[in-house]
Amino acid sequence: MAYRRKFWRIVMRTALTYEEWALAAKMLDKETPKMNESNFYDVELVRNKIQELRNRREDGSLRDIIFCMRADLIRNLGNMCNPELHKGRLQVPKLIKDYIDEVLTQLRMVCDSDSEELSLEEKLSFMHETRHAFGRTALLLSGGASLGAFHIGVVKTLVEHKLLPRIIAGSSVGSVMCAIVGTRSWPELQSFFEDSWRSLQFYDQLGGIFTVVRRVMRQGAVHEIRHMQWMLRRLTSNLTFQEAYDMTGRVLGITVCSPRKHEPPRCLNYLTSPHVVIWSAVSASCAFPGLFEAQELMAKDRSGELVPHHPPFNLDPEEGSSTTPRRWRDGSLEVDLPMMQLKELFNVDHFIVSQANPHIIPWLRMEFARAVGGNFAAKFSRFKLSLAHLTEMEVKHRCSQILELGFRMGGLTKIFAQDWEGDVTVVMPATVSQYLKILQNPTLVELQKAVNQGRRCTWEKLSAMKANCGIELALDECVSILNHMRRLKQSADRAAAASASAYASSHGPTNTARFSASKTIPSWNCIARENSTGSLEEDLLESLHHGVGSSSGMPPPGRSLRAHHSACDGSDSESEGVNVHSWTRSGGPLMRTTSANLLIDFVQNLDAEAEANKGLMAHPSSPGFQLGGEDSFSQPKDDDNR
């Protein structure tokens, strides 16, 4: 039996397709003694919760389902997401799968219900609040020079199994993969992983020894970064963070740090740096000291031209610009995995990490212990892992102490004091030959080897990812469907209102008394909190085109709203589509919302009143003149007189 288990493990480590790996994992599971799952999670709690959910579903009350699910739907019920439970498993444990399936069934019941018991707005509000309380998942890709080809296999597997999170961030070579994912729609992403990834090249040709020495003396770096910048511009189409978000609906984050002593590192994204060009951010994040020269961030101005994001500034123009440009370098030096920034900005509470850093891999895998210890080490694998974890924590603790005491040691302690792992961590099993070629472009064979390593390591984690993300993806899908239904309803209501207005204007005078509502503009903060697809500007222009204000001859006010596009609640701002994996174009961070409809109605009323007042001034004897003579347009004059 031990021989058969060893054989199937070898098959799993050399499998080239998921089908081969799944068959070997299934056979290994049959040969392996069954574990006592109650040692890893609360079986009784999950079983009782399933029965409670089924009883509530059989009662058939949607309001009871919403009330109870809103109060007690969490990701890690009874520790069912324990990594030890899912280690090496082909499928999610049956009891946990039954719980997830039951939750998904009830979510779809609420979403697909045509009953008058729940309005569309109530269902959408429930899904939004539940999704916010449940939390979000982010994929983090570490640095690692040419070892970063491992990330291609990780992302490729997540795309194939439709488990790719909407939030993806990385640093150094991981930011290259993030930029590729964050600038492509779902069909384009699938097409890229079929063939285009084979042409990736990270470094230029070094040249002769004199060329290298001259470059080091002039720039302080071994490699010229222009080749990488050319490749990045070709891959990202010169898009900014805001444009990429508008096009794909995904949140892209790239970390950079400054050579300046007192400037903190940054996580660039569409909220913090909307106009920065992505290829510029990636090239700065890849600028490891000695390897590439530190880079200046580039951005697009209001006319779309490339300009420095932080241009030199001088109060005295006659003296010229004596300030040196602000440059940025590899983000992995200080924040390799920007967990804290993503938690604060986007409500992320679950992280999938692809780790390929050469100085971190040995601590996490500890493959050398098996090679040295042989069978004796295999018998004490749990002790070995505990010892490795203890060593990891001790190293981090000592590095943190050195930083607190002020002994920076050239920034080395910052590298080891960072977080290395996430809730689900995929670690590259790098070989000695891959370490020796870490600063070279991998050949096609070496690139394929690293990609296959990433795919196999991710297959081992699919069970944990499904247990963690199954309910979250279902909530995203429900929100997408309900948002689509709301947009259809709003379009129908606007069309009906336009028809009624046209009919009323053609059959009699318009009663201007209904436009004497308050002229208070709704809060932009309220507008930004809610989430749906489409820009407020597009909605406003469309409504004015179809509404009563379209005949007033006034210029469309949508252009004046562009300045407000930077106001957004980062925890709930992704664009929605009919399908969770079919992204649609949205209008930016200021999304179309229920509160925004108040602003649209407000502008419509202003235009309608202006049109009506023109007619009343032309005919002072009309009955509408008395109704509109003391409206709120005269209120500012009274305030000024006071």
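Within an unreviewed UniProt entry, the label attached to the protein chain reads Triacylglycerol lipase SDP1L, and the organism entered is Hibiscus syriacus.

A. Expanded view of the overall build of the protein chain. Within the protein chain, the secondary structure is distributed over 27 helices and 10 strands. Counting over 642 residues, the protein chain shows a buried share of 49%.

B. Spatial organisation of helix 2 (residues 18-31). Here helix 2 spans 20 Å end to end across 14 residues, near enough to the 20 Å set by a 1.5 Å rise per residue. Buried within helix 2 are the following residues: Tyr18, Trp21, Ala22, Ala24, Ala25, Leu28 and Glu31.

C. Quick look at the UniProt feature "active site" (unreviewed entry) in the protein chain. Per the UniProt annotation, the sites labelled "active site" (unreviewed entry) are Ser172 and Asp330. Considering the C-alpha atoms alone, the annotated residues occupy 159 residues of sequence yet fold into one spot, their largest mutual distance being 5.7 Å. Apart from residues lying up to four places away in sequence, Ser172 is in contact with Gly143, Gly144, Ser285, Cys286, Asp330 and Ser332. In this fold, Asp330 is placed in strand 8 (residues 327-330). If we ignore the near neighbours within four places in the chain, the residues touching Asp330 are Ser172, Cys257, Ala284, Ser285, Ala287 and Phe288.

D. Looking closely at the nonpolar core. With 104 residues, the main nonpolar core has Trp21, Val155, Leu164, Met177, Phe241, Ile278 and Leu342 as its most contacted residues. Taken domain by domain, the makeup of this core includes at least three residues from each of domain 1 (35-134 + 458-490) and domain 2 (140-310 + 325-357 + 420-442). Every residue in contact with Leu164, bar those within four places of it in the chain, is listed here: Leu139, Val155, Leu158, Val159, Val181, Trp186, Leu189 and Arg250. Counting residues in hydrophobic clusters, the runner-up holds 38 residues, among them Phe40, Phe134, Ile471 and Leu482.

E. Region of the structure containing the side chain of Asp476. Its location among the elements puts Asp476 in helix 22 (residues 462-507). A polar atom in the side chain of Asp476 sits 3.0 Å from the side chain of Arg131.

F. Geometry of the environment of Ala467. In this structure, Ala467 sits in helix 22. Its relative accessible area of 3% is what places Ala467 among the buried residues. Ala467 has contacts with Met80, Cys81, His86, Val92, Ile96 and Ile100, leaving out every residue within four places of it along the chain.

G. The arrangement of a negative patch on the surface in detail. A cluster of acidic side chains, namely Glu58, Asp59, Asp64 and Glu117, defines a negative patch on the protein surface. Within the secondary structure, Glu58 is located in helix 3 (residues 43-59).

H. Looking closely at the confidence of the model for the protein chain. On average, residues of the protein chain score 76 in pLDDT, and 71% of them reach the 70 mark or higher. Throughout residues 367-378 the model reports pLDDT below 50, and contacts reaching past four residues in sequence, or to other chains, amount to 6 contacts.

I. Quick look at unusual backbone geometry. The residue Ala145 is not glycine, and still its phi comes out positive at about 55°. Examined against the element boundaries, Ala145 turns out to sit in the loop between strand 1 (136-141) and helix 8 (150-160). In this structure, Ser172 is a non-glycine residue whose phi angle is positive, near 55°.

J. Structural context of a nonpolar patch on the surface. A cluster of nonpolar residues, Leu387, Leu390 and Met393, forms a patch on the protein surface that exposes about 290 Å² of accessible area. Topologically, Met393 is positioned in helix 18 (residues 381-405).

K. The arrangement of the side chain of Arg184 in detail. Mapped onto the elements, Arg184 comes out in the loop between helix 9 (173-182) and helix 10 (186-194). The buried charged residue Arg184 lacks any salt bridge partner; its closest oppositely charged side chain belongs to Glu188, at an N-O distance of 5.8 Å. Among the polar contacts listed, one links the side chain of Arg184 to the backbone oxygen of Leu235, at a separation of 3.0 Å. Beyond its immediate chain neighbours, meaning those up to four positions away, Arg184 contacts Leu189, Phe192, Leu235, Thr248 and Arg250.

L. Molecular detail of the pattern of salt bridges. Counted according to the given criterion, the structure contains 21 salt bridges. Taking the shortest distance from any N to any O, the salt bridge between Glu52 and Lys49 comes out at 3.8 Å. Of this pair, Glu52 and Lys49 both sit in helix 3, separated by 3 residues, roughly a single helical turn. A residue is classified by how much of its surface remains accessible, and Glu52, at 34% relative accessible area, is partly exposed. Taking the shortest distance from any N to any O, the salt bridge between Glu52 and Arg56 comes out at 2.6 Å. Note that Glu52 and Arg56 are positioned in helix 3 at a spacing of 4 residues, about one turn of the helix.

M. Spatial organisation of the packing of aromatic side chains. All told, the structure shown has 7 aromatic pairs when counted by the stated rule. A ring pair is formed by Tyr18 and Trp21, whose centres lie 6.1 Å apart and whose planes are at 20°; its orientation type is stacked. Within this pair, Tyr18 and its partner Trp21 are both found in helix 2, separated by 3 residues, close to a single helical turn. Side by side, Tyr18 and Trp21 carry an identical accessibility label, which is buried. A ring pair is formed by Tyr18 and Trp459, whose centres lie 5.7 Å apart and whose planes are at 65°; its orientation type is edge-to-face. One end of the pair, Tyr18, is in helix 2; the other, Trp459, is in helix 21 (residues 444-459), and 441 residues separate them in sequence. Chaining the aromatic ring pairs together yields one cluster made of Tyr18, Trp21 and Trp459.

N. Structural detail: the packing of helix 9 against helix 14 (residues 278-285). Two elements in contact, helix 9 and helix 14, have axes whose closest approach is 8 Å; the angle formed by their N-to-C orientations is 165°. Regarding the angle of helix 9 to helix 14, the classification is roughly antiparallel. The two elements helix 9 and helix 14 cross, and the hand of that crossing is right-handed. Here Ser175, Val176 and Ala179 of helix 9 come into contact with helix 14, specifically with Ile278, Val282 and Ser285.

O. Inspection of the pairing of strand 3 (residues 251-257) at higher detail. When you tally the buried positions in strand 3, you get 7 out of 7 residues, the bulk of the element. By the alternation rule, side chains of strand 3 split into Val251, Gly253, Thr255 and Cys257 and Leu252, Ile254 and Val256, which are all buried. When strand 2 (residues 167-170) meets strand 3, the two strands line up parallel, connected through 4 bridges. Within strand 3, the residue paired with Gly170 across the bridge is Ile254. The pairing of strand 3 with strand 4 (residues 266-268) spans 3 bridges and is antiparallel. Counterpart to Val256 in the pairing with strand 4 is Arg266. Sheet topology places strand 3 next to strand 8; 2 bridges connect them, and they run antiparallel. By the bridge assignment, Cys257 is partnered in strand 8 with Arg329.

P. Local environment of the pairing of strand 2. Where burial is concerned, the two faces of strand 2 agree: the one with Ile167 and Ala169 and the one with Ile168 and Gly170 are both buried. Here strand 1 pairs with strand 2 via 4 bridges, running parallel. Residue pairing for strand 2: Leu141 is matched across the bridge by Gly170. With respect to chirality, the unit in which strand 1 leads through helix 8 into the neighbouring parallel strand 2 is right-handed.

Cut-offs used in this document
- One numbering rule holds for all chains: residues counted from 1, following each sequence as written.
- It should be noted that, the model being predicted, local features are given only for residues of pLDDT at least 70 and side-chain atom pairs only at 80 or more, the latter also being counted only at that level, while totals for whole chains, interfaces and linings use all residues.
- Excluding hydrogens and water, the side-chain figures rest on all heavy atoms present in the structure.
- Under the scheme used here, helices are H or I runs from DSSP no shorter than 4 residues and strands are E runs no shorter than 2 residues, and both carry numbers assigned from the N terminus.
- Only protein chains enter the accessibility calculation, which uses a 1.4 Å probe; a residue whose area is less than 20% of its type maximum is buried, one above 50% is exposed, and one in between is partly exposed.
- For a helix, the expected span equals 1.5 Å multiplied by the number of residues minus one.
- UniProt positions are given in the numbering used here, feature names are shortened, and annotations may be inferred rather than shown by experiment.
- The criterion used for residue contact is that any of the two residues' heavy atoms lie within 4.5 Å.
- What is meant by a nonpolar core is a set of buried Ala, Val, Leu, Ile, Met, Phe, Trp, Tyr and Cys residues, joined one to another through side-chain atoms within 4.5 Å.
- These domain limits were set by an automatic method or by a database of domain assignments.
- Side-chain atoms alone can form a polar contact between residues adjacent in sequence; in general such a contact is a pair of N or O atoms within 3.5 Å, and within protein one must be able to donate a hydrogen while the other accepts it.
- Surface patches are drawn from residues lacking salt bridges whose relative accessible area is over 30%; two like charges belong together within 9 Å, two nonpolar side chains (Val, Leu, Ile, Met, Phe, Trp, Tyr) within 5 Å.
- Working definition of accessibility: Shrake-Rupley area with a 1.4 Å probe, residue cover restricted to the visible protein chains.
- The working definition used for a salt bridge is a side-chain nitrogen of Lys or Arg within 4 Å of a carboxyl oxygen of Asp or Glu.
- Residues counted as positive are Lys and Arg, residues counted as negative are Asp and Glu, and His and the chain ends are not counted.
- Every charge is mapped onto a representative atom, which is NZ of Lys, CZ of Arg, CG of Asp or CD of Glu.
- Per-residue confidence from the predictor is reported as pLDDT, a score between 0 and 100.
- Pairing of aromatic rings covers Phe, Tyr and the six-membered ring of Trp, with a centre-to-centre limit of 6.5 Å; geometry is then stacked below 30 degrees between planes, edge-to-face above 60, and tilted otherwise.
- Whenever a helix is involved, its axis is fitted only over the stretch in contact; in every case the axis is a line through C-alpha atoms, and angles between N-to-C directions fall within 0 to 180 degrees.
- The labels follow the angle: roughly parallel below 35 degrees, roughly antiparallel above 145, roughly perpendicular from 65 to 115, and oblique for the rest.
- The crossing is said to be left-handed when, going from far helix to near helix, the turn is anticlockwise and less than a right angle, and right-handed when the turn is clockwise.
- The pairing criterion for strands is at least two bridges between them, as found by DSSP.
- When the strands point away from the viewer, a crossover counts as right-handed if the route from the first strand across the helix to the second turns clockwise.

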